[in-house]
Amino acid sequence: MESYLNENFDVKSKHSSEEALEQWRKVCGFVKNPKRRFRFTANLSKRYEAAAMRRTNQEKLRIAVLVSKAAFQFISGVQPSDYIVPEEVKAAGFQLCADELGSIVEGHEVKKLKFHGGVDGIAEKLSTSTTNGLTSDTGLLNKRQDIYGINKFAEAEAKGFWVFVWEALQDMTLMILGVCAFASLIVGIAMEGWPKGAHDGLGIVASILLVVFVTATSDYRQSLQFKDLDKEKKKITIQVTRNACRQKMSIYDLLPGDIVHLNIGDQVPADGLFVSGFSVLIDESSLTGESEPVMVYAENPFMLSGSKLQDGSCKMIVTTVGMRTQWGKLMATLSEGGDDETPLQVKLNGVATIIGKVGLFFAIVTFAVLMQGLFVSKLQEGTIWSWSGDEALKMLEFFAVAVTIVVVAVPEGLPLAVTLSLAFAMKKMMNDKALVRHLAACETMGSATSICSDKTGTLTTNHMTVVKSCICMGVKEVGNSNKASFCSEIPESAVKLLLQSIFTNTGGEIVINKDGKREILGTPTETALLEFGLSLGGDSQAERQASKLVKVEPFNSTKKRMGVVLELPEGGLRAHTKGASEIVLAGCDKVINSNGEVVPLNEESINHLNATINQFANEALRTLCLAYMELENGFSPDNAIPVSGYTCIGIVGIKDPVRPGVKESVATCRSAGITVRMVTGDNINTAKAIARECGILTDDGIAIEGPDFRDKTQEEMLALIPKIQVMARSSPMDKHTLVKQLRTTFDEVVAVTGDGTNDAPALHEADIGLAMGISGTEVAKESADVIILDDNFSTIVTVAKWGRSVYINIQKFVQFQLTVNIVALIVNFSSACLTGSAPLTAVQLLWVNMIMDTLGALALATEPPTDELMKRSPVGKKGNFISNVMWRNILGQSFYQFMVIWYLQAKGKAMFNLDGPDSDLILNTLIFNSFVFCQVFNEISSRNMEEINVIKGILDNYVFAVVLSCTAIFQVIIIEFLGTFWSTTPLTCPQWFLSVFIGFLGMPIAAALKMISV
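The rules behind these values
- Residues numbered from 1 in each chain as written.
- Predicted model: local features only at pLDDT ≥ 70, side-chain atom pairs only at ≥ 80, totals over all residues.
- Heavy atoms only, no water.
- Pairing = 2+ DSSP bridges.
- Helix = DSSP H or I, 4+ residues; strand = E, 2+ residues; numbered from the N terminus.
- Axes fitted to C-alpha atoms, helices over the stretch in contact; angles between N-to-C directions.
- Phe/Tyr/Trp six-rings, centres within 6.5 Å; stacked < 30°, edge-to-face > 60°.
- Buried < 20%, exposed > 50% of the residue type's maximum accessible area, 1.4 Å probe, protein only.
- Polar contact = N/O pair within 3.5 Å; in protein donor to acceptor, adjacent residues only side chain to side chain.
- Right-handed = clockwise from strand over helix to strand, strands pointing away.
- Core = buried A, V, L, I, M, F, W, Y, C linked by side-chain atoms within 4.5 Å.
- Contact = heavy atoms within 4.5 Å.
- Parallel < 35°, antiparallel > 145°, perpendicular 65-115°, else oblique.
- Left-handed = near helix turned anticlockwise from the far one by under 90°.
- Nonpolar A, V, L, I, M, F, W, Y, C, P; charged D, E, K, R; others polar.
- Bend = angle between axes of the 7 residues up to and from the residue.

Draft legend 1. Expanded view of the sheet that holds strand β25 (residues 768–772). Across the sheet, which stays open at both edges, the eight strands sit in the order β8-β26-β25-β24-β9-β21-β23-β22 with mixed pairing between neighbours. Each edge of the sheet is formed by a strand with only one pairing partner; in this case those strands are β8 (434–436) and β22 (702–705). Each strand axis lies, on average, 20° off the axis of its neighbour in the sheet, ignoring direction. Two strands pair when backbone bridges link them, and β22 and strand β23 (residues 724–728) are joined in this way by four bridges, in the parallel orientation. In the strand pairing of β23, Ile702 is matched with Ile724.

Here's what the structure looks like:
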């Protein structure tokens, strides 16, 4: 079975080819209810539609760019446009309609933009200000919304409960049984009159309705869970200026005229025009498929929704929102395309297909055998040409039994149990601060063998403060108590330079928020430096206004530095740089000494500064070097900022404490067979100090720097990678290489954390990409499979635990369902062959089907994880889903159940002294009751496939307890009160005791089976 599944039902957890997704659908063959079975699979036709839309966008934009380039040459002769402002737009107080705005940006219409007065003219016509943004007057915002629309794309309406009822009724076998019930009603009423003749037909109808409503309720609850998760996925905020205040706002609340602040890694939330900024590179590949990034500046200000900032930062005015943008239309189509199906869903579709074919074969043979028995008896009686109503009813009953064998044998619930378990786990993980973006990640995480984690913010708290510094060659502690003395010990000229460097060479910003309080925006590192500057008495606004920014090169993890060029008030240009200490220090040839004088950087000074960097790093501090240089007046903003010739201002040590609980989480991973590696851009000594504190770096582990790692040959890497526990000063490509080697060469299942734009390749390459919810950029989140909402390493361990729980829960359910399948098939088939009748009727089999399918999935697929899960080795890539342990339990339990039922059928009458006209009915009721209680107790035994104690923690899962109780109570009602419809009769106390005891006996037998090692 496993080889057949691997050949035909094998898809990857990520980036499966369309061919693989098409292939398993074709192999599926016999499907009872395609609407339900394929509900949570990708809609490939919608995906092809989205791909076609991308190609059209690509062509449109290519033409638009060519036209706009040509237009630049003739821009001086702009003719007045024949544009007329619609009356309703004028009445609302605007001078541009939504269509005109949309055509300017989407069509890159340079002429139209020039005619409307450029970006400032557009702002004026939209009644907004490029400095203060929109006003927050609700009435005005509503008017704006009425004219220009909202920033949301059209989505398919959520399905109501009755839609799920209708879909559950689409089951082919239930339809056939419905027809059988209708025929049975007609024949029965004609033969025996109302109501006696209607009992069999009404019994089947009642069973069908019960199955349909229980199935629909389960599916509806599942859809509500996914709806809640979708809401969470859409919580994307962006920095906006409104009422002259910077504030965070949901991208779905944006309106044309809003002023949006974008930084490296942000996604452009709506179509708009560039207002101001530096070094802006836009990646439009998600919209157009074009991989070449586009430069955005004053002459090419067009920014399209859905594109991403690859570099730089800027301010943008929103012009077009929602479904008026190409991105809105594309997203509406893509959302209908759905998520890729998960490997387990596909594998279990394969299992359902195999068993379905076997079941169909058995059903046909059972029907043939039963019909043959009827024909033989008719031949013997010589009445082959005369048929009574009773015999017609008997034939209908035989057909209904055959169809019901198919109902029981085709485990449609298997793939849906995966979705149920994943939906349950995803909802619970939301409460544990992990947002799963792709279903497959949930189950893949359970197989993870390696985690490559960032340091900053994941292993540490990300609350940074400057605690030590080395300014003018003097090392000083920075504490709240000694701020005044700190400044008095440093020459005034050096303090001035230091403050200029802190407040101008920064990606952060100090703003006044809505409450009128000062707020520092930016990364924790920038925030720590700005707080340090403020504590020294610096004035951010004054420093920024004193000099003019000529050029900005934002920080990125490849260069590990950022720089600015300033035009000084007294004339002349000055460059400031800051970044990784050893990299910036290597570009310095001068230093400010203790007297505030600039002196050449000699060997002694270099040794002193390097020793300081190492001292800070060994104390687990992040170190940054700040430097400046005077530039020649010939410097052009088009030139890159120099990387050498700087004067070192000083080095700061920033403390970022290790998160509480990380050490324990790393130890948990180790006991679970998961290797944790730290991959960071920090100094190697800082990384080693933190890694030791977390328990990641052990005595036999290796810490290596990125540049050393990338210089290794393939043979050296093979020997080195298993021992690597820390990689410092790593570039994004080092991270990508490490992940790729672990996945391909070492066949590991790798989880990777990332927060920056440059982490996207590694997140994409990994089996599970984990993006940080707080510090992560939109680009990183877009590439990730799971978003860690609290940026905490302990949450990653929780995700691994839930992943294992999902995998094992589904194994438990499969074990339980296959046992019922095998027993029900063999009992009815063998009985039909040997006695000419089936002990379990169609209605009874429908009830059994519901116990094992919908209710079984609810009970077993929603078991919460236990700490025991993290004490076993991960499954990895090589494990068989249906393991030897499962086969042992399935075959052992099936054999016991079959033997007991067969014995009851053969010797039951003698055991209970049954005779008379009702003896067959009582015996069949006993068999049905024993069979159901075998499943009830087998469900309890299935809670743990290897441990003997299956009662432990049974009440922790209230769903399990409720399902089990309801099954038992309803079974009593069926036997005692609904016998007319279910073909049963009330049982005596000894008969009840024996039925329940036979079921209970399955538990010690299951315990004995677990002692057999396989």
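That covers the picture; the talk isn't over yet.
Draft legend 2. Quick peek at the packing of aromatic side chains. Evaluated as defined, the whole model comprises 13 aromatic pairs. Aromatic side chains Phe161 and Tyr220 sit 5.9 Å apart centroid to centroid with 75° between the ring planes, which places their arrangement in the edge-to-face category. Of this pair, Phe161 sits in helix α10 (residues 161–169) while Tyr220 sits in helix α12 (residues 199–233), and the two are 59 residues apart along the sequence. The exposure class assigned to Tyr220 is partly exposed, which follows from its relative accessible area of 27%. Ring geometry for Phe993 against Phe997: centres 5.9 Å apart, planes inclined by 15°, an arrangement best described as stacked.

Draft legend 3. Quick look at the environment of Asp99. Within the secondary structure, Asp99 is located in helix α6 (residues 98–106). C-alpha of Asp99 to C-alpha of Asp146: the two residues are 47 residues apart in sequence and 14 Å apart in space. Side-chain polar atoms of Asp99 contact the side chain of Arg324, separated by 3.3 Å.

Draft legend 4. The pairing of β25, seen in detail. Where burial is concerned, most of β25 is hidden: five out of the five residues are buried. Side-chain alternation along β25 places Ile768, Leu770 and Met772 on one buried face and Gly769 and Ala771 on a second face that is also buried. As paired elements, strand β24 (residues 750–754) and β25 share four bridges and run parallel to each other. Bridge pairing in β25 links Ala751 to Ile768. Strand direction decides the pairing type here: β25 and strand β26 (residues 786–788), joined by three bridges, are parallel. Each residue of the ladder has a partner; that of Ala771, found in β26, is Ile787. Following the chain from β25 across helix α31 (residues 778–783) to the adjacent parallel β26, one finds a crossover that is right-handed.

Draft legend 5. Spotlight on the nonpolar core. Membership of the largest hydrophobic core comes to 153 residues, with the highest contact counts inside it found for Leu177, Met445, Ile768, Val786, Phe793, Val814 and Phe928. When residues no more than four places from it in sequence are discounted, the contact partners of Ile768 are Ala441, Thr444, Met445, Ala448, Val749, Val750, Ala751, Val752, Asp785 and Val786. If you look at the next biggest cluster of nonpolar residues, it comprises 29 residues, including Tyr83, Val85, Ile122 and Leu273.

Draft legend 6. Structural detail: the packing of helix α25 (residues 662–671) against helix α32 (residues 793–835). In contact at an axis separation of 8 Å, α25 and α32 are set at 30° when each is read in the N-to-C sense. Taken together, the axes of α25 and α32 lie roughly parallel to each other. Between α25 and α32 the crossing geometry is left-handed. Of the residues in α32, those touching α25 at Val662, Ser665, Val666, Thr668 and Cys669 are Phe793, Ser794 and Val797. Residue composition of the contact of α25 with α32, grouped by class: five nonpolar, three polar and no charged.

Draft legend 7. Examining the packing of helix α15 (residues 343–381) against helix α16 (residues 389–409) more closely. Following both chains from N to C, one finds α15 and α16 inclined at 165°, their axes separated by 8 Å at the closest point. Taken together, α15 and α16 sit at an angle that is classed as roughly antiparallel. The chirality of how α15 crosses α16 is right-handed. Contacts between α15 and α16 pair Ile355, Gly356, Gly359, Leu360, Ala363, Thr366, Phe367, Leu370, Met371, Leu374 and Lys378 from the former with Glu391, Lys394, Met395, Phe398, Phe399, Ala402, Ile405, Val406 and Ala409 from the latter.

Draft legend 8. How the structure looks around helix α34 (residues 884–911). The largest bend along α34 measures about 50° and falls at Gln905. In the segment just after α34, Asn913 is the residue with positive phi, at about 50°.

Draft legend 9. Broad picture of unusual backbone geometry. One non-glycine residue, Met473, adopts positive backbone phi at about 75°. In this structure, Met473 sits in the loop between β10 (465–471) and β11 (474–477). Overall, the relative accessible area of 22% leaves Met473 in the partly exposed class.

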